[in-house]
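Remarks on the overall topology
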Amino acid sequence: MTLRYVFSELRTGLRRNLTMHLAVILTLFVSLTLAGCGILLQREAKVTTNALGSDLQILVNLCTDKDPSLREGNPNCSGGAVTAAQMKQVESVLKQSPDVSAVRYQSQEQGYQIARKLYPADYFSGPTPIIRVQDWPSAFWVTLKDPNKTAGVISAVRGLPGVSHIKDQHEQLGQVYSIIGSLKVGSWIAAVFLLIAALLEVANTIRLAALARRKEIEIMRLVGASTLYIALPFLLEALVTAIIGVALASGVLALVERYGIQNGLADKIHFLPWIGWGDWLHAIIGGWPVGILILGPALTVIPTLLLTRKYIRV
């Protein structure tokens with residue numbers, strides 16, 4: 001009898017306030033989609049940083065056998081692949097620089113595995129692959145205190161034996177990170193405003209629903225019904241709207257991942273690594289600070305739980 005009453009009230013409440021619930025669902029759907037896009041952009045920035053470095057870094061590539069820089073007359077690689085002594089000298093110079101925050105060594109194998117994610121598979125297959133492990137240089141990733149102060153570090157190591165060439169990530173990737181960061185912040189700002197609108201709509205829906213059931217609530221109070229028992233239909237209504245909003249947002253994010261990234265940007269832009277389905281799942285259940293699977297119900301159920309204590313008092 002109890003469950004039958006609760007579900008009966010749930011159906012009645014959803015039907016009675018259909019337009020308000022639809023407004024909450026649509027607002028929640030759009031806001032959660034934007035929040036999810038922000039999380040995906042955050043993941044893309046992290047993936048790009050892990051593969052290519054950040055705009056605070058420079059990449060010091062070390063010499064290999066038959067190094068390509070020899071064709072440009074680079075005397076640093078005239079002795080062949082970098083030796084352990086040369087590598088130690090380069091690392092020492094970098095660590096002594098006042099503009100350097102940290103130095104991280106990347107082996108040939110580590111660099112090769114990153115390259116496999118950036119270039120087409122046929123570059124690494126066949127009897128004579130274009131890219132082999134021994135052809136990929138070992139390197140030092142140098143994190144700077146200030147991305148604009150690269151000149152001193154570059155000049156200090158440019159002429160050292162064993163140094164092939166140096167890449168300034170600030171020049172190469174600064175604009176990319178700026179665009180990703182702007183899109184991420186913009187999506188989160190829009191999501192916050194829409195989430196506030198969703199909270200206000202939830203509050204109005206609860207107030208209208210409580211006023212419509214005022215006589216029923218009075219009778220239930222007189223027969224000794226608990227606050228939780230009276231509030232349960234309201235909480236279930238909030239949960240239903242949240243589930244629909246999360247489902248719609250998850251579907252749109254899946255379409256973005258499938259057609260916008262994997263079959264879109266990833267096919268056209270090969271120099272950047274791109275997020276995959278694991279990152280989509282992270283946006284749904286993990287995220288920062290929480291995924292939309294948690295955020296959606298929290299934005300409807302928690303306000304409902306708090307506000308029903310006020311509106312069902314008689």
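Preceding this section is the structure that the text describes.
Here, residues in each chain are numbered from 1, in the same order as that chain's written sequence. Local features in this predicted model are restricted to residues whose pLDDT is 70 or higher, and side-chain atom pairs enter the listing and the counts only when it is 80 or higher, whereas totals over whole chains, interfaces and linings include all residues. Side-chain figures throughout are based on the complete set of non-hydrogen atoms in the structure, without hydrogens or water.

**Here's the deal with the packing of aromatic side chains**
For any pair of aromatic rings, the description consists of the separation of the ring centres together with the inter-plane angle of the planes. The criterion, for reference: Aromatic rings from Phe, Tyr and Trp, taking only the six-membered ring of Trp, are treated as a pair when their centres fall within 6.5 Å; an angle between ring planes under 30 degrees marks them as stacked, one over 60 as edge-to-face, and anything in between as tilted. Per the convention used, a helix needs a DSSP run of H or I reaching at least four residues, while a strand needs a run of E reaching at least two, with both numbered from the N terminus. Consider the ring centre and the ring normal. A charge sits over the ring if Lys NZ or Arg CZ is within 6 Å of that centre and within 35 degrees of that normal.
The full count for this structure, using the stated rule, is 5 aromatic pairs. An angle of 80° between the planes, with centres 5.6 Å apart, marks the rings of tryptophan 277 and tryptophan 280 as edge-to-face. With a gap of 3 residues between them, tryptophan 277 and tryptophan 280 both fall in helix α9 (residues 277-286), about one helical turn apart. By the ring-pair criterion, three or more aromatic residues cluster together here, those being Tyr119, Tyr123 and Trp136. The residue whose ring lies beneath arginine 116 is phenylalanine 124, and the NZ or CZ to ring-centre distance is 5.2 Å. Positioned above the aromatic ring of tyrosine 259, the side-chain terminus of arginine 258 is 5.7 Å from the ring centre.

**A few points about the environment of alanine 298**
Positionally, alanine 298 belongs in helix α10 (residues 292-311). Between the alpha carbons of alanine 298 and alanine 242 there is a distance of 8.4 Å; along the sequence they are 56 residues apart.

**What to know about helix α5 (residues 151-158)**
Defined as follows: Only protein chains enter the accessibility calculation, which uses a 1.4 Å probe. A residue is then buried if its area is under 20% of the maximum for its type, exposed if over 50%, and partly exposed in between. Within this analysis, the arc is defined by the directions that extend from the helix axis to the C-beta atoms.
All of the buried residues along α5 are Val153, Ile154 and Val157. For α5, the arc enclosing every buried residue in end-on projection is 95°, short of the 170-degree limit, so these residues lie on one face. In α5, the exposed positions that point more than 90 degrees away from the buried face belong to Ala151 and Ser155.

**Observations regarding a nonpolar patch on the surface**
Stated precisely, the cut-off is as follows: A patch consists of residues exposed above 30% relative accessible area that lack any salt bridge, with like charges linked at up to 9 Å and nonpolar side chains (Val, Leu, Ile, Met, Phe, Trp, Tyr) linked at up to 5 Å. Only the protein chains shown count as cover for residues, with accessible areas throughout obtained via the Shrake-Rupley method and a probe of 1.4 Å. By convention in these notes, a salt bridge is any Lys or Arg side-chain nitrogen within 4 Å of a carboxyl oxygen on Asp or Glu.
Taken together, the side chains of Leu281, Ile285, Val290, Leu293 and Ile294 present a nonpolar region at the surface, about 410 Å² in accessible area. The set of elements that each furnish at least two residues to the nonpolar patch consists of α9 and α10. Mapped onto the fold, leucine 281 is located in helix α9. Under the relative-accessibility criterion, leucine 281 is labelled partly exposed at 42%.

**Comments concerning the state of the cysteines**
The cut-off we apply is this: Disulfide: a pair of cysteine sulfur atoms within 2.5 Å of each other.
Throughout the structure, instances matching the rule amount to 1 disulfide. One disulfide in the model links cysteine 63 with cysteine 77; its S-S distance is 1.9 Å. Across the S-S bond linking cysteine 63 and cysteine 77, the dihedral sits near -75°, which makes this disulfide left-handed. Of the two residues, cysteine 63 sits in the loop between β1 (57-62) and α3 (84-96) while cysteine 77 sits in the loop between β1 and α3, which places them 14 residues apart along the sequence. Its relative accessible area of 0% is what places cysteine 77 among the buried residues.

**Comments concerning the pattern of salt bridges**
This structure, assessed with the given rule, holds 3 salt bridges. As a salt-bridge pair, lysine 95 and glutamate 91 come within 3.1 Å of each other at their nearest N and O atoms. Of this pair, lysine 95 and glutamate 91 both sit in helix α3, separated by 4 residues, roughly a single helical turn. For glutamate 91, a relative accessible area of 26% puts it in the partly exposed group.

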